[in-house]
Amino acid sequence: MADTRPSPRKKALGRSTRILRVRTSVIIMAVVVLAVVLVPPLAQLDQQAVDLARKLQPPSWEHPFGTDDVGRDLLLRCVYGLRVSLMVGAVAALAATLIGTAVGAVAGAFGGWTDRVVMRLVDTCSSVPHLLLGIFVVAMFRPGVWPVVVSVALTHWLSTARIVRSEILSLRSRPFIDAAISGGASRWRVTVRHLLPGVVPQAGLAAVLMVPHAMWHESALSFLGLGLPAHQASLGNLVQSARGSLLAGDWWPTLFPGLFLILPTLAIAGLAGAWRERLSPRRRSELML
């Protein structure tokens, strides 16, 4: 029988590729954080300042990303937009993770008819497209940050609920759970003291991966005019306002907001992938006990 194990050379190449991916992701996230924190106070410029005499200027030393259709500095607008999008993504991901963890924990820990009812609710909600349900939620409020956060949180907890439920069902078959139940521990105590701590790593990984998804969801809503107000800088608003400029041949008002959306997404995905690879060996060793 042929040996299907990878050769030492392929192992070394794969390890080098993973290290390069992680380092690149760390550098990108460091640049993103520094830009969000340092650029606004150092620039000493008003990101809402209009200068029609300098509208749609290409990138230059004075304006590294150029200017938009009313003469505002595009670098500053992108930084402010990234700050808003990251804040919306982080808060919405945290809220969705808490909802999904609670729902998945109840379904997995109690089982029986509770599990069946809860998971049918999850399946029903999953049948509706996220964006369509998000549009329905934000349409009930005025445009703003918090309606977008609520919209993302209420439409993105489903995958976390499934992950937490499956992890809890796996943990319930472990000997230490049987020992706790035999010792007289109630179901709530077993869930809080033993099951929930075991799903924290997977729930945390799901929350990290949800941040870029939430950023794209916010950008899509803002692009459609249903997210943040048009005057407020967000990456979706910047791309939406640059549509006319792109048709006229001015590429920079669309390119740079798009890069500010894509690069953090790739960096977070790279770091989350490294986190998943570190969790997997430990998880396999635990299941072998």
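That block above? That's the structure.
First, a word on scope: everything that follows refers to the structure included in this document. In this text, all values refer to a predicted model and were calculated from it rather than measured experimentally.

## Focus on the overall build of the chain
Working step 1: What the chain contains, in helices and strands, is 11 helices and 0 strands.
Working step 2: Counted from the first residue to the last, the chain has its helices and strands arranged as α-α-α-α-α-α-α-α-α-α-α.
Working step 3: Counting the 289 residues in the chain, one finds 39% classified as buried.
Working step 4: Summarising the internal contacts of the chain: among those between residues at least 6 apart in sequence, 72% fall at separations of at least 24.
Working step 5: Here the chain displays about 16100 Å² of accessible surface, and carbon together with sulfur accounts for 68% of that area.

## Here's the deal with the environment of Leu169
Working step 1: Checked against the element boundaries, Leu169 lands in helix 6 (residues 158-172).
Working step 2: Accessibility expressed as a relative area gives 33% for Leu169, which makes it partly exposed.
Working step 3: Counting along the chain gives 58 residues from Leu169 to Gly111, while the straight-line C-alpha distance between them is 8.7 Å.

## A look at the pattern of salt bridges
Working step 1: By the definition in use, this model includes 4 salt bridges.
Working step 2: Between Arg72 and Asp68 there is a salt bridge, with its nearest N and O atoms 2.9 Å apart.
Working step 3: Look at Arg72 and you get buried, because its relative accessible area is 14%.
Working step 4: On the basis of relative accessible area, Asp68 is assigned to the buried category, the value being 6%.
Working step 5: Residue Arg162 pairs with Asp123 through a salt bridge whose shortest N-O separation is 3.1 Å. Of this pair, Arg162 sits in helix 6 while Asp123 sits in helix 3 (residues 112-126), placing them 39 residues apart in sequence.

## As for empty space enclosed by the protein
Working step 1: Enumeration according to the criterion identifies 1 cavity of 30 Å³ or more in this entry.
Working step 2: Approximately 60 Å³ is the volume attributed to the largest cavity.
Working step 3: Surrounding the largest cavity, Asp68, Asp69, Arg72, Leu74, Arg77, Leu238, Ser241, Ala242, Ser245 and Pro253 form its lining.
Working step 4: Only helix 2 (74-110) and helix 9 (235-241) provide two or more residues apiece to the lining of the largest cavity.
Working step 5: Residues of the lining of the largest cavity, tallied by class, amount to 4 nonpolar, 2 polar and 4 charged.

## So, the environment of Ala272
Working step 1: Note that Ala272 resides in helix 11 (residues 252-287).
Working step 2: In this structure Ala272 comes out as buried when scored by relative accessible area, which is 1%.
Working step 3: Ala272 sits 68 residues away from Gly204 along the chain, and the two C-alpha atoms are 9.8 Å apart.
Working step 4: Residues in contact with Ala272, not counting those within four places in the same chain, are Leu205, Val208 and Leu209.

## Focus: the packing of helix 2 against helix 6
Working step 1: The contact between helix 2 and helix 6 brings their axes to 7 Å, and the two run at 35°. Helix-helix and strand crossings are classified by hand; for helix 2 and helix 6 the assignment is right-handed. Note on element contacts: helix 6 touches helix 2 through Thr160, Ala161, Val164, Arg165, Ile168, Leu169 and Arg172, opposite Thr97, Gly100, Thr101, Val103, Gly104, Ala105, Ala107, Gly108 and Ala109.
Working step 2: A class-by-class count of the residues in the contact of helix 2 with helix 6 yields 8 nonpolar, 6 polar and 2 charged.

Rules of the game
The written sequence of each chain sets the order in which its residues are numbered from 1. This being a predicted model, a pLDDT of at least 70 is required before a residue's local features are given, and a value of 80 or more before pairs of side-chain atoms are given or counted; all residues contribute to the totals for chains, interfaces and linings. The side-chain numbers reported here are obtained from all heavy atoms of the structure, hydrogens and water having been left aside. Working definition: helices are DSSP H or I runs of at least four residues, strands are E runs of at least two. Numbering for both runs from the N terminus. Three exposure classes are used, based on accessible area relative to the maximum for each residue type with a 1.4 Å probe and protein chains only: buried under 20%, partly exposed in between, and exposed over 50%. Contacts are assigned to residue pairs with any non-hydrogen atoms lying within 4.5 Å of each other. Computed with a 1.4 Å probe, the accessible areas rest on the Shrake-Rupley method; for each residue, only the protein chains presented here act as cover. Salt bridge criterion: a side-chain nitrogen from Lys or Arg within 4 Å of a carboxyl oxygen from Asp or Glu. A pocket here means an open set of points on a 1 Å grid, computed over the protein atoms alone, that has protein on both sides within 12 Å along at least five of seven lines. A cavity is instead a set of points where a 1.4 Å probe fits but cannot get out; residues with an atom within 4 Å of a point line either one. Grid points are joined across faces, edges and corners, and a volume is the space filled by probe spheres set on the points. By the convention adopted, Pro, Cys, Tyr, Trp, Phe, Met, Ile, Leu, Val and Ala count as nonpolar, Lys, Arg, Asp and Glu as charged, and the other residues, Gly among them, as polar. Structural elements are reduced to axes, namely lines fitted to C-alpha atoms, with helices fitted over the stretch in contact, and the angle between N-to-C directions of any two is expressed from 0 to 180 degrees. Each helix crossing is assigned a hand: it is left-handed if the near helix lies turned anticlockwise from the far helix by less than a right angle, otherwise right-handed if that turn is clockwise.

Any functional reading would require information that these geometric values do not contain.
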